[in-house]
Number of protein chains: 2
Amino acid sequence: MGIFENIIYFGFYRSCAGLPGRLETAKKVPMKAAEIVPSEAPAETPGEIAYRQIRRDIVFGALVPGTRLRLESLKAPYLVSVSTLREVFNRLASERFVVAEGQRGFHVSPVSEKHFREVAGMRELLEANALRQSFERGDLEWEAQVVAAHHKLSRMEALMEAGDCTRTEAWKRYDGEFHGALIAACGSKVLMEAHRRIFDHFLRYQIVAVVYRGKAACDEHRRLLECALERDHETAVEILAGHIEACVEHTLGNGLLKD
Amino acid sequence: MGIFENIIYFGFYRSCAGLPGRLETAKKVPMKAAEIVPSEAPAETPGEIAYRQIRRDIVFGALVPGTRLRLESLKAPYLVSVSTLREVFNRLASERFVVAEGQRGFHVSPVSEKHFREVAGMRELLEANALRQSFERGDLEWEAQVVAAHHKLSRMEALMEAGDCTRTEAWKRYDGEFHGALIAACGSKVLMEAHRRIFDHFLRYQIVAVVYRGKAACDEHRRLLECALERDHETAVEILAGHIEACVEHTLGNGLLKD
DNA sequence: TCAATGGGTATTTTTGAAAATATCATATAT
DNA sequence: ATATATGATATTTTCAAAAATACCCATTGA
């Protein structure tokens, strides 16, 4: 068994080249950029990079559900040590993207139809309520952000429609950003954060249905935008429920989820 | 500045004595108990113990909001090394009980009135919906668990009423278990887990109001039990909303939250 | 007087190895 | 033949020290 036994997809792995590794003893240059972004800086530490990478690999299916995450095997491809890997896995375990069982290591969280339906129900509950509050409180700046997010999404949807399936990740990011923009004025960071977390779980299930759902989803996005500008939350919640339900059925229709 | 500069409360700290530390090379005894509880075993590792301890110290206020969590200072009282501490802090950061900013270490999450209201709103949203579904699906076994949980809570409430304020933690645990029992039949583990997480955040805010809210809360718990047995979710949701709202106002009434 | 610079200390972050534990194949006894 | 013990191997978990970074304070120059 080689080191890479559990790795399916290498495309995104962090590359050694070009990164200021600790071995290259570069001159100490005091960074002024830190003062420009005083807080909320993501911190480009190896641990952060590995965290984002592994999280993305799980959400986008590169790390297959149920896969055992061997520390010794994964430290090389992700360019970190076992301790740093453990920190990452602990964070992801809190987010339920990986499961940690006793002293038997970590696994990528398994998938099941039941869990998917629970995640979908949770997303609908959170997003519908956030939508309602956001529509009530949103100002012109919010409207502008919504329009902007929809513009990016619709352009990407047009590409997908045209058969360009090479940029699924970018497309899904715009999808998430559009739904995030819709609820951005809800006034509760706690609610938005919970929504984002459950949205990414929802996303992971969508990835197994690689095929583009097509014009239907595109239309629903456009109608959600119209509702937002007209502040019609009743219709928006209805569309959202249908949007999520259709996603679930379309995804489950592939029959790739055995349980 | 001594090692214990940031520690406020030592009552709960893990004690060396009696624990099977790695230094006492005990005889290898094959444990059969592991097969009785095949999965879901909490694993009594030092990391797990420290995690539960620190989490509890944050929720119950022993670690004051905003406190800087210095690794070197805290490894001694919690009886773990810095790496293990970092794993714990990373988990707690995912749960938002601590904040990790860049390369500047960890802090106990700060508190604010705004955040408290968001947490309360989130709890109401999740609990009200879970309540509705649980009332629809609950069977006799569920009813029995609810009655049992309420019995334990009401006995503890009677003690508190009598002036015994020494067991706040046990009382709050029963409070949480009662509300957990009410929604246990909702059918969604995702929902229940999200509820438990937000409930503990809510709990942390309640702790600053050390005084017992008294007969009012006790009555509301009894009425929630009656609603459960009669499957009257409409009234239950109303009571719950009042229950949470009263908790928020009572807690904020102390004026201890500046922001 | 104030901002910028430099060096020394404190703290975090990462690492590789030691200790503890689980896993697996083999042998032994019932 | 099944089940239980035994030992070798693989893996996880923990630790302490090295490396990188932030922090503090005196000093210098404008």
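Only a predicted model underlies this, so the values are computations on that prediction, with no experimental measurement involved.

### Let's talk about the overall build of chain A
Helices and strands together make up the secondary structure of chain A, namely ten helices and three strands. When burial is assessed residue by residue, chain A has 44% of its 259 residues classed as buried. For chain A, the proportion of contacts with a sequence separation of at least 24, taken over those separated by at least 6, is 78%. Just so you have it, chain A exposes about 13,700 Å², and 56% of that area is on carbon and sulfur atoms.

### A few points about the pattern of salt bridges
Opposite charge on two side chains makes pairing possible when the charged atoms of those side chains draw close. Inspection of every chain in the model, using the stated rule, returns 36 salt bridges over all chains. Two residues, E87 of chain A and R86 of chain B, come together in a salt bridge whose shortest N-O distance is 2.6 Å. Here R86 of chain B lies in helix α4 (residues 82-94) and E87 of chain A lies in helix α4 (residues 82-94), a pairing that spans two chains. With relative accessibility at 31%, the residue R86 of chain B sits in the partly exposed group. A salt bridge links E177 of chain A to K152 of chain A; the nearest nitrogen and oxygen atoms lie 4.0 Å apart. With E177 of chain A in helix α7 (residues 168-182) and K152 of chain A in helix α6 (residues 140-161), the pair connects residues that are 25 residues apart, well separated along the chain. Three or more residues joined by partner-sharing salt bridges are found here, namely E44, E48, R52 and R91 of chain A.

### A closer look at the relation of the copies chain A and chain B
When chain A is fitted onto chain B, the two copies agree to an RMSD of 0.0 Å after a turn of 180 degrees and an axial shift of 0.0 Å. Taken together, the turn and the small shift mark the pair as related by a two-fold rotation axis. Looking at chain A, 100% of its interface residues are interface residues in chain B too, so the copies touch through the same face.

### With respect to the sheet that holds strand β1 (residues 68-69) of chain A
Strand pairing in a sheet relies on backbone hydrogen bonds, with the paired strands running either antiparallel or parallel. All names here are of chain A. The antiparallel open sheet is built from three strands, whose spatial order is β1-β3-β2. Each edge of the sheet is formed by a strand with only one pairing partner; in this case those strands are β1 and β2 (98-100). Sheet analysis places β2 next to strand β3 (residues 106-108), joined by three bridges and oriented antiparallel. For V98, the partnering residue across the bridge sits in β3 and is V108.

### As for the interface of chain A and chain B
Every contact between the two is made by 30 residues of chain A and, on the other side, 30 residues of chain B. Regarding the contact of chain A and chain B, the summed buried area is about 2,400 Å², with carbon and sulfur atoms giving 53% of it. Seen at the junction of chain A and chain B, the total is four salt bridges. Taken together, the links from chain A to chain B amount to 18 residue pairs in polar contact (both at pLDDT 80 or more). Only α4, α5 (113-137) and α8 (189-208) of chain A provide two or more residues apiece to the side of chain A that touches chain B. Ranked by the residues each element gives to the side of chain A that touches chain B, the list is headed by α5 of chain A, at eight residues. Among the residues forming the side of chain A that touches chain B, the class breakdown is eleven nonpolar, eight polar and eleven charged.

### Examining the packing of α5 of chain A against helix α8 (residues 189-208) of chain B
Between α5 of chain A and α8 of chain B, whose axes approach to 8 Å, the crossing angle comes to 50 degrees. Comparing their axes, α8 of chain B and α5 of chain A come out oblique. Each of H115, E118, V119, M122 and L125 of chain A in α5 of chain A lies in contact with α8 of chain B, whose residues at this interface are K189, V190, L191 and A194 of chain B. Looking at the contact of α5 of chain A with α8 of chain B residue by residue, the classes come out as six nonpolar, one polar and two charged.

### Observations regarding the sheet that holds strand β3 (residues 106-108) of chain B
Taken in spatial order, the three strands of this open sheet run β1-β3-β2 (chain B), and their pairing is antiparallel. Every other strand in the sheet has two partners, leaving β1 (68-69) and β2 (98-100) of chain B as the edge strands with one partner each.

### So, the packing of aromatic side chains
Within this structure, the stated rule accounts for eight aromatic pairs over all chains. Here the aromatic rings of F116 of chain B and F202 of chain B are separated by 5.6 Å at their centres, their planes lie at 50 degrees, and the arrangement is tilted. Of this pair, F116 of chain B sits in helix α5 (residues 113-137) while F202 of chain B sits in helix α8; the two residues are 86 residues apart in sequence, bridging distant segments of the chain. For the pair F116 of chain B and F202 of chain B, a shared accessibility class is recorded, and that class is buried. One aromatic cluster is present, formed by F116, F202 and Y205 of chain A through successive ring pairs. Across from the ring centre of W171 of chain B, 4.2 Å away, lies the NZ or CZ of K172 of chain B, which sits over that ring.

### Points about the confidence of the model for chain A
Looking at chain A as a whole, the pLDDT averages 82, with 81% of positions reaching at least 70. pLDDT under 50 marks residues 1-39 of chain A. Its contacts with residues more than four places away, or in other chains, come to 36 contacts.

### So, the side chain of H243 of chain A
Residue and element names in this part refer to chain A. In this structure, H243 sits in helix α10 (residues 233-252). Classification of H243 by relative accessible area gives buried; the value is 3%. Non-local contacts of H243, meaning those with residues more than four positions away in its chain, are made with R123, H179, R213, A217, E220 and H221.

### With respect to unusual backbone geometry
Positive phi is not limited to glycine here, since R231 of chain A has a value of about 60 degrees. Tracing the backbone shows R231 of chain A in the loop between α9 (215-230) and α10.

### Observations concerning the environment of A217 of chain A
Residue and element names in this part refer to chain A. Examined against the element boundaries, A217 turns out to sit in helix α9. For the pair formed by A217 and H243, sequence separation is 26 residues and the distance between their alpha carbons is 6.9 Å. If we skip the residues at most four places from it in the chain, A217 touches E157 and H243.

### What about helix α10 (residues 233-252) of chain B?
Owing to its 3.6 residues per turn, the α-helix brings residues three or four apart onto one side. If you check α10 of chain B, its first and last C-alpha atoms are 28 Å apart, about what 20 residues at 1.5 Å a residue would give, namely 28 Å. Among all positions in α10 of chain B, only A236, V237, I239, L240, H243, I244, C247, V248, T251 and L252 of chain B are buried.

### Structural notes on the side chain of R123 of chain B
Residue and element names in this part refer to chain B. Assignment of secondary structure puts R123 in helix α5. Within polar-contact distance, the side chain of R123 engages the side chain of E127 at 2.7 Å. The contact partners of R123, leaving out residues within four places of it in the chain, are A128, H179, H195, I198, F199, F202, L240, H243 and I244.

### What about the environment of V108 of chain A?
In this fold, V108 of chain A is placed in strand β3. Contact partners of V108 of chain A, with chain neighbours within four places excluded, come to I58, L63, V64, P65, G66, T67, L69, F97, V98 and R204 of chain A.

Calculation rules
Residues numbered from 1 in each chain as written. Chains lettered and ligands numbered in written order. Predicted model: local features only at pLDDT ≥ 70, side-chain atom pairs only at ≥ 80, totals over all residues. Heavy atoms only, no water. Helix = DSSP H or I, 4+ residues; strand = E, 2+ residues; numbered from the N terminus. Buried < 20%, exposed > 50% of the residue type's maximum accessible area, 1.4 Å probe, protein only. Contact = heavy atoms within 4.5 Å. Areas by Shrake-Rupley, 256 points an atom, 1.4 Å probe, with all protein chains shown as cover. Salt bridge = Lys/Arg side-chain N within 4 Å of Asp/Glu carboxyl O. Least-squares fit on C-alpha atoms with pLDDT ≥ 70 in both. Pairing = 2+ DSSP bridges. Buried area = accessible area lost by both parts, 1.4 Å probe. Polar contact = N/O pair within 3.5 Å; in protein donor to acceptor, adjacent residues only side chain to side chain. Nonpolar A, V, L, I, M, F, W, Y, C, P; charged D, E, K, R; others polar. Axes fitted to C-alpha atoms, helices over the stretch in contact; angles between N-to-C directions. Parallel < 35°, antiparallel > 145°, perpendicular 65-115°, else oblique. Phe/Tyr/Trp six-rings, centres within 6.5 Å; stacked < 30°, edge-to-face > 60°. Lys NZ or Arg CZ within 6 Å of the ring centre and 35° of its normal. pLDDT = per-residue confidence, 0-100. Expected span 1.5 Å × (residues − 1).

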